[in-house]
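Chains, contacts and geometry: an overview
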Amino acid sequence: MKRRHFLQTGLIAAGAVALPGRLIAEAPTKPGVLKLGSQEGRLPGATLKEKVANLEKWGASGLELGGDPSSRIAEIKEAIKGTNVKITALCWGSCKGDLVSSDAEKRKAGIEALKKALNTAGELESTGVIFVPCFHKQSTLTPDELDKVLQEILPEIAEHAKKAGSRVLLEPLNKGETFYLNRIEQAAAICRKINHPGICLMGDFYHMAKEEKSDSEAFTTGAPWLHHVHLASRVRWLPGQDKLKEPDQPERSFVDGFRALHRIGYQDYCSLECGVARGTDPLEAIPAAFDFLRRQWTEATAG
Ligand code: MG
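Reference entry: report on the structure contained in this document.

A short note on the nonpolar core
Counting residues in each nonpolar core, the largest one holds 77 residues, and the members touching the most others are Leu90, Val129, Ile130, Phe131, Val168, Leu169 and Leu201. Here this core takes six residues from helix H11 (residues 282-301), the largest share from any one element.

Written out as structure tokens, the structure reads:
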């Protein structure tokens with residue numbers, strides 16, 4: 001896809017218009033949808049097929065996998081064959097910060113590992129590969145230095161991603177986990193600079209509750225590059241389970257964020273990445289969380 005074409009389609013799909021220095025949301029060409037899913041490890045089931053069957057039974061259709069499941073491609077394809085379930089993101093992570101290491105050999109190996117994961121993601125027709133540049137203690141570089149390293153390494157990775165039919169998804173995390181990318185606007189600034197369809201971003205409601213002033217503003221800023229969303233409550237349990245841990249605190253609301261996803265025309269998945277409240281059975285608690293999220297989506301999109 002030519003660069004100009006990407007920019008146009010990316011912005012139109014996101015329902016946003018680029019103005020110098022900012023983005024303003026406009027009516028999308030089609031409204032956003034709520035497509036629910038989960039990380040594999042969160043789902044009950046003795047086999048991958050059982051987990052997929054549970055997802056379908058609960059009206060969800062996205063399966064997120066951990067790491068680089070290149071050795072399991074046949075098993076994964078077989079498990080989703082004949083179902084509505086699609087592979088969403090590969091939750092790949094930081095590779096111990098190797099891609100931004102000052103050790104040239106480590107950096108090279110990290111880049112190759114990410115490229116390999118992108119090949120797997122393309123093969124599985126997934127949404128992309130989640131990449132965290134570094135967690136705490138994985139880099140001694142400053143944020144400015146890390147920006148420069150990413151500008152050096154990402155264009156080549158972006159080209160590889162495009163050829164593989166996939167994309168990198170930069171994930172901002174809260175300050176308890178990383179000193180580097182904490183907010184969607186920071187990931188968006190990198191995407192804007194690299195300016196390639198192979199480098200995109202995602203949002204995680206758990207981290208956003210800690211770091212973003214407004215879920216809707218964050219998603220709107222990231223709209224042209226947003227291709228995945230993680231779901232968790234404020235205490236990182238299933239959505240709707242906050243009060244089981246903190247009865248006096250309000251339940252984490254998804255309404256403001258969902259309103260933005262609807263407005264910007266979001267078409268990708270929202271995937272559970274969370275624990276389950278002690279004493280609750282995932283076989284009942286996960287479908288209840290999906291119902292809670294559907295009610296919040298209805299509230300967000302009513303009228
Ligand atoms: Mg996450």
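Past the structure itself, the notes keep going.
Quick notes on the packing of helix H8 (residues 215-222) against helix H10 (residues 255-263)
Their axes nearest at 7 Å, the elements H8 and H10 cross at an angle of 30°. Relative to H10, the element H8 is oriented roughly parallel. The hand of the H8/H10 crossing is right-handed. For the pair H8 and H10, the contacting residues are Asp215, Ser216, Phe219 and Thr220 in the first and Asp256, Gly257, Arg259, Ala260 and Leu261 in the second. The residue inventory of the contact of H8 with H10, partitioned by class, reads three nonpolar, three polar and three charged.

Observations concerning the sheet that holds strand S3 (residues 35-39)
Strands belonging to one sheet form pairs held by backbone hydrogen bonds; the direction of such a pair is parallel or antiparallel. Pairing in this closed barrel of eight strands is parallel, and the strands run S3-S4-S5-S6-S7-S8-S9-S10 around the ring. Taking the axes of each pair of neighbouring strands and ignoring which way they run, one obtains an average angle of 30° across the sheet.

So, unusual backbone geometry
Within the chain, Cys95 stands out as a residue other than glycine whose phi angle is a positive 55°. Structurally, Cys95 can be placed in the loop between strand S5 (86-93) and helix H4 (104-123). For Glu125, which is not glycine, the phi dihedral falls at a positive 55°. Considering the arrangement of structural elements, one finds Glu125 in the loop between H4 and strand S6 (128-131).

Definitions and cut-offs
Residues numbered from 1 in each chain as written. Predicted model: local features only at pLDDT ≥ 70, side-chain atom pairs only at ≥ 80, totals over all residues. Core = buried A, V, L, I, M, F, W, Y, C linked by C-beta atoms within 7 Å. Buried ≥ 20, exposed ≤ 12 C-beta atoms within 10 Å, placed from the backbone. Helix = DSSP H or I, 4+ residues; strand = E, 2+ residues; numbered from the N terminus. Axes fitted to C-alpha atoms, helices over the stretch in contact; angles between N-to-C directions. Parallel < 35°, antiparallel > 145°, perpendicular 65-115°, else oblique. Left-handed = near helix turned anticlockwise from the far one by under 90°. Contact = placed C-beta atoms within 7 Å. Nonpolar A, V, L, I, M, F, W, Y, C, P; charged D, E, K, R; others polar. Pairing = 2+ DSSP bridges.

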